[in-house]
Amino acid sequence: GQVDVWSKAGTNVVRLGSSADGGDVAVWNAAGKPVGGLFATAIGGRIEIGDAEGTTLATLMRGEEGGAMFLNGAGAQASSLRAEAGAAGSVISMRRADGSVGMLAGIAQGAGVLSMQNDAGKEILFAGSADDRTGTVRIADAQGNECAALHASEGGHLTVKDGAGAVVAAVSSAGAGKGGA
């Protein structure tokens, strides 16, 4: 079944309906543009909020493994933010207008990670956990070539590389304790 509410001007402004997955409520503005909705899906529910032109700017929903949220900027050159959480971990990504990832932050299997990519899709910064659960930071040039790395394992290690990837400087601490040798 379905119930529609129409404005005096003849615009459908509200719909209460049913679908194969359950119920839905949809709302349009006076110009007939969709500006909001609450929808049942096969795996949960979805809430959408739009702008006056009918572009969806925010979605909150049940994703495949847990909750998911999508925020979109208004306009053709707008960026977006996506956040998803589930049993395997959580991730937040910030995307450019073309959909490419600019920044990604997440946690999986107890380890955190931060990654930044330039507009050519090359990772220029990585910070996260190494295999031994210590911190690591890598910085790259515009082509994605590693230029510097800092590792906290075994007392600490800093490596600086040239454009060809050759190590030009390295500093290490052999001590595993505070103020190591």
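Residues numbered from 1 in each chain as written. Predicted model: local features only at pLDDT ≥ 70, side-chain atom pairs only at ≥ 80, totals over all residues. Heavy atoms only, no water.

1. A short note on the overall build of the protein
Consideration 1: Secondary structure assignment for the protein yields 0 helices and 16 strands.
Consideration 2: Taking all 181 residues of the protein together, the buried fraction comes to 21%.
Consideration 3: Partitioning the intrachain contacts of the protein with sequence separation of at least 6 by distance along the chain shows that 1% fall at a separation of at least 24.
Consideration 4: Just so you have it, the protein exposes about 11100 Å², and 59% of that area is on carbon and sulfur atoms.
Consideration 5: Separation between the mean location of the 13 positive side-chain charges and that of the 18 negative ones in the protein comes to 4 Å. (Helix = DSSP H or I, 4+ residues; strand = E, 2+ residues; numbered from the N terminus. Buried < 20%, exposed > 50% of the residue type's maximum accessible area, 1.4 Å probe, protein only. Contact = heavy atoms within 4.5 Å. Areas by Shrake-Rupley, 256 points an atom, 1.4 Å probe, with all protein chains shown as cover. Lys, Arg positive; Asp, Glu negative; His and termini not counted. Charge placed at Lys NZ, Arg CZ, Asp CG, Glu CD.)

2. Some points on a nonpolar patch on the surface
Consideration 1: Residues Val3, Leu16, Val25, Val27, Leu38, Ile47, Ile49, Leu60, Met69 and Leu71 make up a contiguous nonpolar surface patch of about 800 Å² in total accessible area.
Consideration 2: At the level of elements, strand E3 (22-28), strand E5 (44-50) and strand E7 (67-72) are the ones that each hand at least two residues to the nonpolar patch.
Consideration 3: By the secondary structure assignment, Ile47 is in strand E5.
Consideration 4: Take Ile47: its relative accessible area is 38%, and that puts it in the partly exposed class. (Patch = residues over 30% accessible without salt bridge, like charges linked within 9 Å, V, L, I, M, F, W, Y side chains within 5 Å. Salt bridge = Lys/Arg side-chain N within 4 Å of Asp/Glu carboxyl O.)

3. Focus: the environment of Lys122
Consideration 1: Its place among the elements puts Lys122 in the loop between strand E11 (111-117) and strand E12 (123-129).
Consideration 2: With a relative accessible area of 37%, Lys122 lands in the partly exposed category.
Consideration 3: As for Lys122 and Asn145, which are separated by 23 residues in sequence, their C-alpha atoms are 8.8 Å apart.
Consideration 4: Every residue in contact with Lys122, bar those within four places of it in the chain, is listed here: Met116, Gln117, Ala142, Gln143 and Gly144.

4. A few points about the pattern of salt bridges
Oppositely charged side chains may form a pair once their charged atoms are brought near each other.
Consideration 1: Scanning the model with the defined rule gives 4 salt bridges in all.
Consideration 2: Residues Glu48 and Arg46 are paired through a salt bridge, measuring 2.7 Å at the closest nitrogen-oxygen approach.
Consideration 3: Judged by its relative accessible area of 23%, Glu48 falls in the partly exposed class.
Consideration 4: Judged by its relative accessible area of 24%, Arg46 is partly exposed.
Consideration 5: A salt bridge links Glu146 to Arg138; its shortest N-O distance comes to 3.7 Å.
Consideration 6: A relative accessible area of 25% means that Glu146 is categorised as partly exposed.
Consideration 7: Looking at Arg138, the relative accessible area reads 29%, which means it is partly exposed.

5. Structural notes on the packing of aromatic side chains
Consideration 1: One pass over the full model with this rule turns up 0 aromatic pairs.
Consideration 2: Stacked on the ring of Phe126, the Lys or Arg Arg138 has its end atom at 4.2 Å from the ring centre. (Phe/Tyr/Trp six-rings, centres within 6.5 Å; stacked < 30°, edge-to-face > 60°. Lys NZ or Arg CZ within 6 Å of the ring centre and 35° of its normal.)

6. Side note on the environment of Gly45
Consideration 1: Note that Gly45 resides in strand E5.
Consideration 2: Taking relative accessible area as the criterion, Gly45 reaches 29% and is therefore assigned partly exposed.
Consideration 3: C-alpha separation for the pair Gly45 and Gly23, spaced 22 residues apart in sequence, amounts to 9.6 Å.

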